[in-house]
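Architecture and fold: a report
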Amino acid sequence: MSAASCLLSEDQFLCSICLDVFTDPVTTSCGHNFCKNCINEHWNSNDQYLCPMCKKVFNTKPELDINTFISEMVSQFRQEAQQKASSSSSEQQAAKPGEVPCDVCTGTKLKALKSCLVCLTSYCETHLEPHLTASRLKRHQLMDPVENLEDRMCMKHDKPLELFCKTDQTCVCMLCSVLDHKTHEFVPLKEEYEGKKAELGKTEAEIQQMIQKRRLKIQEIKHSVDLSNEDADRETAEGVQVFTALMKSVERSLNELIETIEEKQRTTEKQAEDFIKELEQEISELMKRSSEVKQLSNSEDHLHLLQNFLSLKAAPPTKDWTEVSVRPPSYEGTVVRAVTQLEETLSKEMKKLLAEVELKRVQQYAVDVTLDLDTAHPKLILSDDGKQVNHGDVKKNLPDNPERFSDCPCVLGKQSFSSGRFYFEVQVKEKTKWDLGVARESINRKGKITLRPQNGYWTIWLRNGNEYIACNNPSVCLSLKSQPQKVGVFVDYEEGLVSFYDVDAAALIYSFTGCSFTEKLYPYFSPCINDGGTNSAPLIICAVNQTE
């Protein structure tokens, strides 16, 4: 053990949190070592359980046991360090530049070991001996050697600064307390020192939390940029696919489309770069202040700490980043708008290609939707897997809970959505009546229901086998070239868009635009009544197969 330890340095036994030799060392699952108390305090003061070294996040607070191997090595290291210190203590050294010299030595000034606040003198090991042996001098207050001991004397009374005036927030001597500050409140320097040191510790913890929040904000912004890059790349590829099918007369429109997309992305990246630069600058300032606070907090110099406390107590001014985010630009309809600006050279086949591209784009937001039995009207029959629903004529004896539709043969999906985009497909084959769409959480589910956006419903329906209606205000009759066998429903929450597609024909059926969503949205289904068996086919939630 001894032969091995001599090859190790003190740095290898330092905790990266307290920067001191390990006390009760523990090892995280990612392989990093810390004092047990240090890592527990670090986790208790942060929102996440993550390794301070590699930033690995733990879902739950790890239970750490002392690493006996490292503990034994630290113990051996301490013993050898003490032996080395003991063997070298007899060899006194001359004071080097920057070190405090002994005030008593004549000739070569030796390095001071301690300074006496009563004698206002710094002593080397030899001249310090009386303070360690003489009973009268043992009562003197010793500290690590410092220069300019006269600064610790009251300039007015030439007495040591021993008290802190809480009224005037300044250090004073004993005579000051009875002459100039006699009605003020006093405490010993050490007592005030401990209080201020504790406050600095809180300040340091707050600064570290601010740093961590800003680092997390940088990660959030970078993630937003990555999403924006993906959207931009995908939209550019679709634009190229469409416009390469056109003749040379439309090349100019293709270039304009790509430039528009790239300009949006450049704007997003520039905004993100500015935010990151500002955040990194704040982190730099906070880390600088953290270093200053740590240095002051670790000082054993009472006067120095108190004199610099106010200037370092408060964190430097920073921006509130809570509501700041980089939102990827929406490319909704970019290709369609570009194509509509072209001259009448687009053929029917080109329009078909555009519809396929649009459907393929929304299909990438496909989600897994299942039916919620707790919302289903008592006459509806749901499959065991929650993917099919049809009307059963017979009313089942079910609890009339607040979520259940009481009169209309409707059911909601289990899944709710309050942001982003989502898409699902429903087979309506062989049905003569059906309703499909989305509904907000607070809809009325009891009694008669009117399907309108102002009532929280964005739906289309089929009646009499061939009458398609968009339930807007007012209702819109839809003229479709073919009867859809499978209907796709797409929602862009932030854009306020609900679109319906004929999946097989790759054609847009209808879109609700300019919607204002403020609540959770749920998929909405109604197979309608059986009509004597002519409408007995179920609505079936299908797996989405993206078009090629």
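Note that this is a predicted model, so its numbers are computed, not measured.

**So, the state of the cysteines**
The final tally for this structure, using the stated rule, is zero disulfides. Cysteine Cys 165 shares no disulfide, and the gap to the nearest cysteine sulfur, in Cys 176, comes to 9.2 Å.

**What about the sheet that holds strand β16 (residues 457-463)?**
Spatially, β13-β22-β15-β16-β17-β18 is the arrangement adopted by the six strands of the open sheet, whose pairing is antiparallel. Two strands bound the open sheet, and with one partner strand each, they are β13 (411-412) and β18 (476-478). As defined by bridge partners, strand β15 (residues 434-440) adjoins β16 across six bridges and the pair is classed as antiparallel. Bridging across to β16, Trp 434 finds its partner in Leu 462.

**So, the sheet that holds strand β9 (residues 170-172)**
Pairing is antiparallel in the open sheet, where three strands are placed in the order β9-β8-β10. A single partner strand is all that each edge strand has here, and the edge strands are β9 and β10 (186-188). Taken over all neighbouring pairs, the strand axes of this sheet differ in orientation by 35° on average, direction set aside. Note: strand β8 (residues 163-165) against β9, three bridges, orientation antiparallel. Following the sheet pairing, Phe 164 is matched in β9 by Cys 171. Running at roughly 85° to β10, helix α7 (residues 189-243) makes contact with β8, β9 and β10 of the sheet.

**Observations regarding the packing of aromatic side chains**
Scanning the model with the defined rule gives 13 aromatic pairs in all. For the ring pair Tyr 365 and Phe 490, a centre distance of 5.9 Å and an interplane angle of 40° mean the geometry is tilted. You can see Tyr 365 sitting in the loop between α11 (348-363) and β11 (380-382) and its partner Phe 490 sitting in strand β19 (residues 486-492), a full 125 residues away along the chain. Relative to Tyr 468, the ring of Trp 434 lies with its centre 6.2 Å away and its plane at 55°, an arrangement referred to as tilted.

**Structural notes on the environment of Leu 132**
Mapped onto the secondary structure, Leu 132 falls in helix α4 (residues 125-133). By relative accessible area, which is 47% here, Leu 132 ends up partly exposed. In sequence terms Leu 132 and Cys 471 are 339 residues apart; their C-alpha atoms lie 95 Å from each other. Among residues more than four places away in sequence, those in contact with Leu 132 are Lys 138 and Leu 142.

**Brief notes about unusual backbone geometry**
The omega torsion across Asn 473 and Pro 474 is 5°, close enough to zero to call that bond cis. Position of Pro 474 relative to the elements: it lies in the loop between β17 (467-470) and β18. With a phi close to 70°, Lys 55 is a non-glycine residue in the positive phi region. Checked against the element boundaries, Lys 55 lands in the loop between β3 (49-50) and β4 (57-58). Exposure remark for Lys 55: the relative accessible area of 40% places this residue in the partly exposed category. Of note, the phi angle at Cys 528 is positive, near 60°, even though the residue is not glycine. Summarising the element assignment, Cys 528 is placed in the loop between β22 (521-526) and β23 (539-542).

The rules behind these values
Residues numbered from 1 in each chain as written. Predicted model: local features only at pLDDT ≥ 70, side-chain atom pairs only at ≥ 80, totals over all residues. Heavy atoms only, no water. Disulfide = S-S within 2.5 Å. Pairing = 2+ DSSP bridges. Helix = DSSP H or I, 4+ residues; strand = E, 2+ residues; numbered from the N terminus. Axes fitted to C-alpha atoms, helices over the stretch in contact; angles between N-to-C directions. Contact = heavy atoms within 4.5 Å. Phe/Tyr/Trp six-rings, centres within 6.5 Å; stacked < 30°, edge-to-face > 60°. Buried < 20%, exposed > 50% of the residue type's maximum accessible area, 1.4 Å probe, protein only.

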